[in-house]
Amino acid sequence: MHDEPVIVPLIEKHYGRFLKTERSAEYIQNVSGHYTIASLEKLARCGGRITRRGAVLAIGFLGDITSNPALGRRLVDHDRAVRMLADHGIRQLWMRVGNPHTEATLRRIARYNQRQQYADSIDVATELVAHCPAVAEAWNQRAIAWYSLEDFENAIDDCRKALALNPWHFLAALGSANCHLELGNIVEAIRDFRLALDINPDLEMVRTQVRQLQKILEGS
């Protein structure tokens, strides 16, 4: 009796080719020609290890904020490569909210933060959250600006709003934790660091920081 041939899912073939060529545009074209976002999300959830890697990578390229739960759940995948791809991809999704004007405004706010123009960032972000209060990344970007201006209470409030809207926003949890550290609230900082680790267990530096803070508490 002859062995049955092994059928390799098409996405695994595309993913293998991408690993060799690193041609992202070609990968996006190949995958988008055969899979919908919904089918990619299903593969990311139910596929084999390589299939999940390929699907998560594709969602990071092609998806928007509606795929946030699909990638958020893959942050705790059994496969480290899947987790790493989900970590990178989900950060891209947070900026893609399905409205070109809002997305352009988010990018402008992020640029202000990168250029240390924090007052401009706060002004534009405040206008954005007034009109689009459900955009979690707008709150997170404003929190970054508040933190940089050492207004830690306002930063914590905005981090909490971001997390309420997007429970996979581990960066908002980290932002809140760092604000609590600046205010000397070690117990609250540990709580938020642990929340970030619950969402994204691969934050090893955060895990180390939690251990160090726990020792400080135990020695006090």
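Residues numbered from 1 in each chain as written. Predicted model: local features only at pLDDT ≥ 70, side-chain atom pairs only at ≥ 80, totals over all residues. Heavy atoms only, no water.

Colleague: If you had to explain the overall build of the protein to someone new, which residues and values would you point to?
Modeller: Within the protein, the regular secondary structure consists of 13 helices and zero strands. Taken from N to C terminus, the helices and strands of the protein fall in the order α-α-α-α-α-α-α-α-α-α-α-α-α. When each of the 220 residues of the protein is scored for burial, the buried share is 43%. Contacts spanning at least 24 positions in sequence make up 54% of the contacts within the protein whose residues lie at least 6 apart. Side chains of the protein carry 27 positive and 27 negative charges; the gap between the two charge centres is 6 Å. (Helix = DSSP H or I, 4+ residues; strand = E, 2+ residues; numbered from the N terminus. Buried < 20%, exposed > 50% of the residue type's maximum accessible area, 1.4 Å probe, protein only. Contact = heavy atoms within 4.5 Å. Lys, Arg positive; Asp, Glu negative; His and termini not counted. Charge placed at Lys NZ, Arg CZ, Asp CG, Glu CD.)

Colleague: Explain the packing of helix H11 (residues 170–182) against helix H12 (residues 186–199) to me, using residue names and the numbers behind them.
Modeller: A pair of packed helices is captured by two measures, namely the crossing angle of their axes and the spacing between those axes. Where H11 meets H12, the closest approach of the two axes is 8 Å, and the angle between their N-to-C directions is 165°. Between H11 and H12, the angle falls in the class roughly antiparallel. Note on packing geometry: the crossing formed by H11 with H12 is left-handed. Facing Phe 170, Ala 173, Leu 174, Ser 176, Ala 177, Asn 178, His 180 and Leu 181 of H11, the residues of H12 in contact are Glu 188, Ala 189, Arg 191, Asp 192, Phe 193, Leu 195, Ala 196 and Ile 199. Residues belonging to the contact of H11 with H12 are distributed by class as follows: ten nonpolar, three polar and three charged. (Axes fitted to C-alpha atoms, helices over the stretch in contact; angles between N-to-C directions. Parallel < 35°, antiparallel > 145°, perpendicular 65-115°, else oblique. Left-handed = near helix turned anticlockwise from the far one by under 90°. Nonpolar A, V, L, I, M, F, W, Y, C, P; charged D, E, K, R; others polar.)

Colleague: Please give an account of the packing of aromatic side chains that cites residues and values.
Modeller: As enumerated under the stated definition, the model contains five aromatic pairs in all. Each residue in the set Phe 18, Tyr 27 and Phe 61 is aromatic and connected to the rest through ring pairs, giving one cluster. (Phe/Tyr/Trp six-rings, centres within 6.5 Å; stacked < 30°, edge-to-face > 60°.)

Colleague: Lay out the pattern of salt bridges in plain terms, naming residues and giving numbers.
Modeller: Scanning the entire structure with this criterion turns up ten salt bridges. The partner of Arg 74 in a salt bridge is Asp 77, and the shortest N-O contact between them spans 2.9 Å. Residue classification places Asp 77 among the buried residues on the basis of a relative accessible area of 5%. (Salt bridge = Lys/Arg side-chain N within 4 Å of Asp/Glu carboxyl O.)

Colleague: Hey, could you go over the side chain of Ser 176 for me, with residue numbers and the actual values?
Modeller: Summarising the element assignment, Ser 176 is placed in helix H11. In contact with Ser 176, other than residues within four places in its own chain, are Ile 156, Cys 159 and Asp 192.

Colleague: Go over H12 with me, naming the residues and quoting the values.
Modeller: For H12, spanning 14 residues, the distance from its first C-alpha to its last is 20 Å, which sits close to the expected 20 Å at 1.5 Å a residue. Of all the residues in H12, the buried ones are Ala 189, Ile 190, Asp 192, Phe 193, Ala 196, Leu 197 and Ile 199. Residues of H12 that are buried sit in contact with helix H10 (152–165), H11 and helix H13 (204–219). (Expected span 1.5 Å × (residues − 1).)

Colleague: A description of the environment of His 78 should follow, citing residues and the corresponding values.
Modeller: Here His 78 shows up in the loop between helix H5 (68–74) and helix H6 (80–93). It is 8.8 Å that separates the C-alpha atoms of His 78 and Arg 49, two residues lying 29 residues apart in sequence.

Colleague: Residues and numbers for a positive patch on the surface, please.
Modeller: Taken together, Arg 107, Arg 108, Arg 111 and Arg 115 make up a surface patch of like positive charges. Position of Arg 115 relative to the elements: it lies in the loop between helix H7 (100–114) and helix H8 (118–131). (Patch = residues over 30% accessible without salt bridge, like charges linked within 9 Å, V, L, I, M, F, W, Y side chains within 5 Å. Areas by Shrake-Rupley, 256 points an atom, 1.4 Å probe, with all protein chains shown as cover.)

Colleague: Please set out the environment of Gly 219 residue by residue, giving values where relevant.
Modeller: Here Gly 219 shows up in helix H13. Taking the C-alpha atoms as reference points, Gly 219 and Val 56, separated by 163 residues in sequence, lie 43 Å from one another.

Colleague: An account of unusual backbone geometry is needed here, citing residue identities and associated values.
Modeller: If you check the backbone angles, Gln 116 has positive phi at about 65° while not being a glycine. Following the sequence through the fold, Gln 116 ends up in the loop between H7 and H8. Residue class for Gln 116 comes out exposed when judged on its relative accessible area of 60%. For Glu 150, which is not glycine, the phi dihedral falls at a positive 65°. Here Glu 150 is to be found in the loop between helix H9 (136–148) and H10.

Colleague: I'd like to hear about H9, residue by residue, with values.
Modeller: An α-helical segment advances 3.6 residues per turn. Residues three or four places apart therefore align on the same side. The terminal C-alpha atoms of H9, which comprises 13 residues, lie 19 Å apart, in line with the 18 Å expected from a rise of 1.5 Å per residue. Those residues of H9 not exposed but buried are Ala 136, Glu 137, Ala 138, Trp 139, Asn 140, Gln 141, Arg 142, Ala 143, Ala 145 and Trp 146. Elements in contact with the buried residues of H9: H7, H8, H10 and H11. Note on H9: the residue one or two positions beyond its end, Glu 150, has a positive phi of about 65°.

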